[in-house]
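Reading the structure
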Amino acid sequence: MSEPLFSKKNLKLLSDPLNDSNPITVQVLGICSALAVTAQLKPSIVMTISVMAVLAFANVIISLLRNTIPNRIRIIVQLVVIAALVILVDQVLRAYVYDVSKQLSVFVGLIITNCIIMGRLEAFALGNRPWQSFLDGIGNAAGYGFILIVVGFFRELLGSGSLLGYQIIPDSWYIANGGFYENNGLMVLSPMALIVVGVIIWVQRSRNRKLIED
Amino acid sequence: MDRNSNTYTFLYAAIMVIVVAAVLASVSMALKPAQKKNVEIEKKQNILASVNIESTAETAEAIYAEKIVDEYLVNTKGEKVDGNAFTTDLKKERAKSFDEMVLPVFVCDTEEGTKYVLPVYGAGLWGPIWGYVSVSDDMNTIFGANFDHEGETPGLGAEISTSAFEEQFKGKEIFDNSGEMVSILVAKTGQVAPEEHKVDGISGGTITSKGLEAMLKDDFTGYEAFLNKNKK
């Protein structure tokens with residue numbers, strides 16, 4: 001217990017998922033939600049926060065229970081914990097940010113099926129202490145959310161000409177108003193999310209030699 | 001206790017389920033009032049949108065209180081009946097027989113005269129669709145419309161809730177010149193229909209378009225007596 005809270009090893013739990021073991025670009029987990037919610041920046045951010053809350057708490061709860069969970073039903077226990085947390089998040093969104101909750105509709109429920117969450121519970125929380133598990137949860141959710149926000153940024157900017165709902169491209173630029181610019185409608189559709197993720201993977205691999213397999 | 005024994009596993013599962021159920025039930029009860037409020041505000045925003053008044057979640061209640069001067073229930077003979085119009089569940093009313101049905105009417109005072117907002121409710125492709133249609137005091141010309149849905153396909157059927165689709169309803173007429181009710185036809189390109197009763201359907205959203213057309217026809221039939229009675 002003499003290990004400091006933010007030792008080098010613990011900080012690595014936070015920083016690794018941002019780059020070397022990013023859940024989306026390296027492990028390619030949680031792709032479906034990355035495609036679905038990133039048409040605009042705001043739902044991407046809300047999804048990030050929701051996943052972060054669910055993943056961090058699920059990790060801590062499973063880690064606290066790890067010595068009591070019967071091995072034969074451990075997957076069921078994990079699912080119950082995740083599902084309960086997701087319902088809590090959904091209820092809170094519905095009560096306090098109703099418009100966002102309407103927009104995310106089914107995707108909040110789908111956090112339950114986000115492979116990142118069960119993957120981290122099974123691979124990390126079951127074998128590590130609560131504080132480390134908490135950091136691991138925050139780190140992985142941040143790695144996931146970072147990609148979501150980058151994708152959301154480009155899709156909203158190029159697809160709708162706005163960011164967080166505020167118009168960025170001046171109205172007079174549009175062809176309809178006698179200008180030269182037109183929004184790229186394809187950016188709003190989900191295939192473009194996959195292509196943007198692909199471009200991010202490309203950029204990341206060209207800068208991080210460790211990720212290149214022979 | 002042996003962590004691999006059956007007794008332990010059963011006990012563990014039972015206690016876990018009870019604890020989780022208790023937590024979820026209490027949270028749901030605690031947040032219920034705030035959630036109900038949000039749904040109410042959204043309904044008010046939709047009613048206001050059908051008379052072409054923009055509102056936000058913050059301003060909806062104040063504008064609603066100012067603009068909606070009366071709300072009441074009518075039966076299918078066009079007579080006013082007792083009851084709360086705002087909380088009337090249209091889904092339940094539509095399930096009743098034609099004679100027992102009571103339908104809400106919201107009276108709105110706008111700069112362009114008195115408008116009557118008629119809620120409508122029907123079936124789309126994947127689930128229910130609903131909306132609010134406002135008519136001017138000739139009880140014939142549509143002043144505005146607002147539609148919403150539960151789970152129509154985004155980009156196809158879900159387009160009914162876009163303003164581009166809703167705008168088309170402005171100025172359309174429910175009755176023809178002889179006073180016969182024709183409702184509004186949601187037509188495909190090339191389909192022959194009188195211009196004052198026709199809006200363009202949605203490509204790729206045919207079943208939702210047809211569902212919307214049937215919804216309007218059914219619900220206007222329910223309001224027919226009320227509309228005829230109050231015609232000016």
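Residues numbered from 1 in each chain as written. Chains lettered and ligands numbered in written order. Predicted model: local features only at pLDDT ≥ 70, side-chain atom pairs only at ≥ 80, totals over all residues.

1. As for the overall build of chain B
Helices and strands together make up the secondary structure of chain B, namely 5 helices and 8 strands. In chain B, the order of α-helices and β-strands from amino to carboxyl end is α-α-β-β-α-β-β-β-β-α-β-β-α. The globule rule puts the C-alpha radius of gyration for 232 residues at 17 Å, and the 22 Å found for chain B is more than 25% above it. For chain B, the spread of C-alpha atoms along the principal axes amounts to about 85 × 40 × 35 Å. Burial statistics for chain B: of 232 residues in total, 30% are counted as buried. When contacts within chain B are restricted to residue pairs at least 6 apart in sequence, long-range pairs at least 24 apart make up 54% of them. (Helix = DSSP H or I, 4+ residues; strand = E, 2+ residues; numbered from the N terminus. Rg over C-alpha atoms; globule rule 2.2 N^0.38 Å. Buried ≥ 20, exposed ≤ 12 C-beta atoms within 10 Å, placed from the backbone. Contact = placed C-beta atoms within 7 Å.)

2. Quick look at the overall build of chain A
Broken down by element type, chain A carries 8 helices and 2 strands. Tracing chain A from N to C terminus, the helices and strands come up as α-α-α-α-α-α-α-β-β-α. Seen through its principal axes, chain A has C-alpha atoms that stretch 70 × 45 × 30 Å. For chain A, the proportion of its 214 residues judged to be buried stands at 36%.

3. Digging into the interface of chain B and chain A
Taken together, the 17 residues of chain B in the interface contact 16 residues of chain A. Class assignment of the residues belonging to the side of chain B that touches chain A gives a composition of 11 nonpolar, 5 polar and 1 charged. (Nonpolar A, V, L, I, M, F, W, Y, C, P; charged D, E, K, R; others polar.)

4. Quick word on the pairing of strand S3 (residues 102-110) of chain B
All names here are of chain B. As paired strands, strand S1 (residues 68-75) and S3 are joined by 7 bridges and run antiparallel to one another. By the bridge assignment, Leu73 is partnered in S3 with Pro104. The pairing of S3 with strand S4 (residues 113-123) spans 5 bridges and is antiparallel. In the sheet register, Cys108 faces S4, and the bridge partner there is Lys115. (Pairing = 2+ DSSP bridges.)

5. Let's talk about helix H8 (residues 190-207) of chain A
Residues and elements named next belong to chain A. With 18 residues, H8 extends 26 Å between its outermost C-alpha atoms, agreeing within 8% with the 26 Å of an ideal straight helix rising 1.5 Å per residue. For H8, the complete set of buried residues consists of Met192, Ala193, Val196 and Val197. The buried residues of H8 occupy one face: seen down the axis, they fall within an arc of 145°. Among the exposed residues of H8, those pointing more than 90 degrees away from its buried face are Pro191, Ile195, Gly198, Trp202 and Ser206. Looking at the buried side of H8, the elements it contacts are helix H2 (31-36) and helix H7 (130-160). (Expected span 1.5 Å × (residues − 1). Arc of directions from axis to C-beta.)

6. Quick look at the pairing of S1(B)
Residues and elements named next belong to chain B. Where S1 and strand S2 (residues 80-81) come together, 2 bridges link them in antiparallel fashion. Paired with Leu73 across the bridge in S2 is Val81. What sits between the antiparallel neighbours S1 and S2 is a turn of 4 residues, in which Gly78 has the positive phi angle 85°.

7. Describing the nonpolar core
A:Val54, A:Leu55, A:Ala58, A:Val81 and A:Leu85 are the most contacted members of the largest nonpolar core, which totals 43 residues. Going through the elements one at a time, helix H3 (41-65), helix H4 (74-96), helix H5 (98-109), helix H6 (115-123), H7 and H8 of chain A are the ones with two or more residues in this core. B:Val74, B:Tyr132, B:Phe143 and B:Leu227 belong to the second-largest nonpolar core, a separate cluster that totals 42 residues. (Core = buried A, V, L, I, M, F, W, Y, C linked by C-beta atoms within 7 Å.)

8. Here we look at the environment of A:Asn140
Residues and elements named next belong to chain A. Counting through the fold element by element, Asn140 comes out in helix H7. Sequence separation between Asn140 and Pro17 is 123 residues; the distance between their C-alpha atoms is 5.2 Å. Excluding residues that lie within four positions of it along the chain, Asn140 makes contacts with Pro17, Pro23, Leu55, Ile116 and Arg120.

9. Here we look at unusual backbone geometry
For B:Asn52, which is not a glycine, the phi torsion comes out positive at approximately 60°. Structurally, the position occupied by B:Asn52 is in the loop between helix H1 (6-50) and helix H2 (60-67).

10. Concerning the confidence of the model for chain A
Low pLDDT marks stretches whose predicted atomic positions should not be read closely. When pLDDT is averaged across chain A, the result is 84; 96% of the residues are at 70 or more. Within chain A, the element-level pLDDT minimum falls on H5(A), averaging 74, and the maximum on H7(A), averaging 90. (pLDDT = per-residue confidence, 0-100.)

11. Details of the environment of A:Asp136
Residues and elements named next belong to chain A. Of note, Asp136 is situated in helix H7. Residue classification places Asp136 among the buried positions, given that 26 C-beta atoms sit within 10 Å. Not counting chain neighbours up to four residues away, the residues in contact with Asp136 comprise Leu13, Asn59, Arg120 and Phe124.

12. Describing the sheet that holds strand S5 (residues 128-135) of chain B
All names here are of chain B. The 6 strands lie next to each other as S2-S1-S3-S4-S5-S6, forming an open sheet whose pairing is antiparallel. At either margin of the open sheet sits one strand with a lone partner, and together these are S2 and strand S6 (142-149). Against the sheet, H1 engages S1, S3, S4, S5 and S6, with an angle of about 145° to S6. (Axes fitted to C-alpha atoms, helices over the stretch in contact; angles between N-to-C directions.)

13. Remarks on the packing of H7(A) against H8(A)
Residues and elements named next belong to chain A. For the pair H7 and H8, interaxial distance at closest approach is 10 Å and the crossing angle is 120°. Relative to H8, H7 is oriented oblique. Note on packing geometry: the crossing formed by H7 with H8 is right-handed. Contacts from Ile147, Val150, Val151, Phe154 and Arg155 of H7 reach H8 at Met192, Ala193, Val196, Val197 and Ile200. When grouped by side-chain class, the residues that make up the contact of H7 with H8 number 9 nonpolar, no polar and 1 charged. (Parallel < 35°, antiparallel > 145°, perpendicular 65-115°, else oblique. Left-handed = near helix turned anticlockwise from the far one by under 90°.)

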